[in-house]
Amino acid sequence: MLLYKLIEELTLNTWPAEQSVLLEGWILRYAAGYTKRANSVSPLYGPEGQHTALDVKHKILLAEQYYEAAGLKPVFKITPFIQPANLDGILAEQGYSIVEPSSVRLLDLQELPPVPGQYSVQIREELTEEWLAAFAGISGLSAANRDTLHRMLSSACLKQGYALLLKRGIPAACGLGVIQHGHIGLYDVYTAPAFRRQGMAEEMLLSLLHWAKDQSVAQSFLQVVQTNRGASALYDKLGYKEIYKYWYRVKSGDHIRR
């Protein structure tokens, strides 16, 4: 359990928010509304059993006020490590609904298969306009969210790997890997619709994982929405194993993108 809580901490570090505010152990993250990961409460810490239900409800109210002042609806990330342990039930009582049940998966990099070598994959260790433009084009990112993503990634201090797969010079797939403490977290994995089911995402990810392994990284983790069956099948093929699940609690009408 301690190992998996470490992975949860790594997910917070490797996908940065623009601002993090502490509220008695809860981490309130903000990034102009781009992705729930970076715009939600992570209630990872706080002495178990030392708060009454009223105290917890007061903390929820303070968190709500923070996000409402930022122009966002409050979102809570619910993992097996939440403090207090009954927070999910309290949020349900207050009208929060479950959205995007997701799986956290782990892969040992010691026995990676070789990269097929069918396509051209480039990995850059700094954010480039080429990668950002490719990702925005493939994922349909809005101009405002593109600006937010640029700020988030360009200000990060952890080692990053920006992977871009080209087919006949056209960006077909992209992904991001961020390294910390011997782990690489994978994010922003997309394949353009016209190039799907051709093994491109698999080759891009293997290239990124081998890049990480060359830098003494031992394990990779990722997060995938359970309804994304195509991505889940790919991660199964690569050997990723689920280590825990999480979901978000949101009030109706929330439209923050994952």
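A few points on the structure. (Residues numbered from 1 in each chain as written. Predicted model: local features only at pLDDT ≥ 70, side-chain atom pairs only at ≥ 80, totals over all residues. Heavy atoms only, no water.)

**Some details on helix α6 (residues 200-213)**
Next, step 1: Taking 1.5 Å of rise per residue, the 14 residues of α6 would be expected to cover 20 Å, and the 20 Å separating its terminal C-alpha atoms lies within 8% of that figure.
Next, step 2: Of all 14 residues in α6, twelve are buried; the element is thus mostly enclosed. (Helix = DSSP H or I, 4+ residues; strand = E, 2+ residues; numbered from the N terminus. Expected span 1.5 Å × (residues − 1). Buried < 20%, exposed > 50% of the residue type's maximum accessible area, 1.4 Å probe, protein only.)

**Points about the nonpolar core**
Next, step 1: Core analysis: the largest hydrophobic core is formed by 67 residues, its most contacted members being W15, W131 and I184.
Next, step 2: If you tally residues by element for this core, the top one is α6, at nine residues.
Next, step 3: Filtering out sequence-adjacent residues up to four positions away, W15 remains in contact with R29, Y34, T35, R37, A38, L149, M152, L153, L176, Y187 and D188.
Next, step 4: Counting 17 residues, the second largest nonpolar core, distinct from the first, contains L23, L28, I60 and L72. (Core = buried A, V, L, I, M, F, W, Y, C linked by side-chain atoms within 4.5 Å. Contact = heavy atoms within 4.5 Å.)

**As for the packing of α6 against helix α7 (residues 229-238)**
Next, step 1: Running from N to C, α6 and α7 point in directions that differ by 50°, and their axes come no closer than 11 Å. Relative to α7, the element α6 lies oblique. Judged by the twist between their axes, the crossing of α6 over α7 is right-handed. Contacts from A201, E202, L205 and L206 in α6 reach L234, Y235, K237 and L238 in α7. (Axes fitted to C-alpha atoms, helices over the stretch in contact; angles between N-to-C directions. Parallel < 35°, antiparallel > 145°, perpendicular 65-115°, else oblique. Left-handed = near helix turned anticlockwise from the far one by under 90°.)

**Considerations on unusual backbone geometry**
Next, step 1: The residue after Q83, namely P84, is reached through a cis peptide bond having omega -5°.
Next, step 2: Counting through the fold element by element, P84 comes out in the loop between β4 (75-78) and α3 (87-93).
Next, step 3: For A32, which is not glycine, the phi torsion reads 55° and is therefore positive.
Next, step 4: With respect to the element layout, A32 can be found in the loop between β2 (26-30) and β3 (41-42).
Next, step 5: Despite not being glycine, T35 has its phi angle at roughly 75°, a positive value.
Next, step 6: Take T35: its relative accessible area is 3%, and that puts it in the buried class.

**Some remarks on the packing of helix α4 (residues 129-139) against helix α5 (residues 143-154)**
Next, step 1: Orientation of α4 relative to α5, taken along the N-to-C sense of each, is 140°, at an axis distance of 11 Å. Compared by their axis directions, α4 and α5 come out oblique. The way α4 lies across α5 gives a crossing that is right-handed. Residues E129, W131, L132, A133, F135 and A136 of α4 lie in contact with α5, whose contacting residues are R146, L149, H150 and L153.
Next, step 2: Its residues placed into classes, the contact of α4 with α5 shows seven nonpolar, one polar and two charged. (Nonpolar A, V, L, I, M, F, W, Y, C, P; charged D, E, K, R; others polar.)

**Considerations on the pairing of strand β7 (residues 159-167)**
Next, step 1: Counting buried residues along β7, eight of its nine residues qualify, which places the element largely inside the surrounding structure.
Next, step 2: Of the strand pairs in this sheet, β7 and strand β8 (residues 170-180) are connected by nine bridges, and their pairing is antiparallel. The partner of K159 across the bridge, within β8, is I179.
Next, step 3: Here β7 hands over to β8 after two residues, with R168 in that stretch at a positive phi of 55°. (Pairing = 2+ DSSP bridges.)

**Let's talk about the pairing of strand β11 (residues 241-250)**
The two faces of a sheet get side chains in turn, since along a regular strand they alternate between them.
Next, step 1: Sheet topology places β4 next to β11; four bridges connect them, and they run antiparallel. Residue pairing for β11: K77 is matched across the bridge by Y248.
Next, step 2: Summarising the sheet, strand β5 (residues 97-108) and β11 pair through eight bridges and their orientation is antiparallel. Counterpart to V104 in the pairing with β11 is Y244.

**A word on the environment of Q160**
Next, step 1: Within the fold, Q160 resides in strand β7.
Next, step 2: Given the relative accessible area of 7%, Q160 is considered buried.
Next, step 3: Once the C-alpha coordinates of Q160 and Q180 are considered, the two residues, 20 residues apart in sequence, prove to be 9.5 Å apart.
Next, step 4: Q160 has contacts with R124, E125, L153, L176, G177, V178 and W211, leaving out every residue within four places of it along the chain.
Next, step 5: A polar contact is formed between the side chain of Q160 and the backbone oxygen of L153, at a distance of 3.2 Å.
Next, step 6: In terms of polar contacts, Q160 uses its side chain to reach the side chain of Y162, at 2.9 Å. (Polar contact = N/O pair within 3.5 Å; in protein donor to acceptor, adjacent residues only side chain to side chain.)

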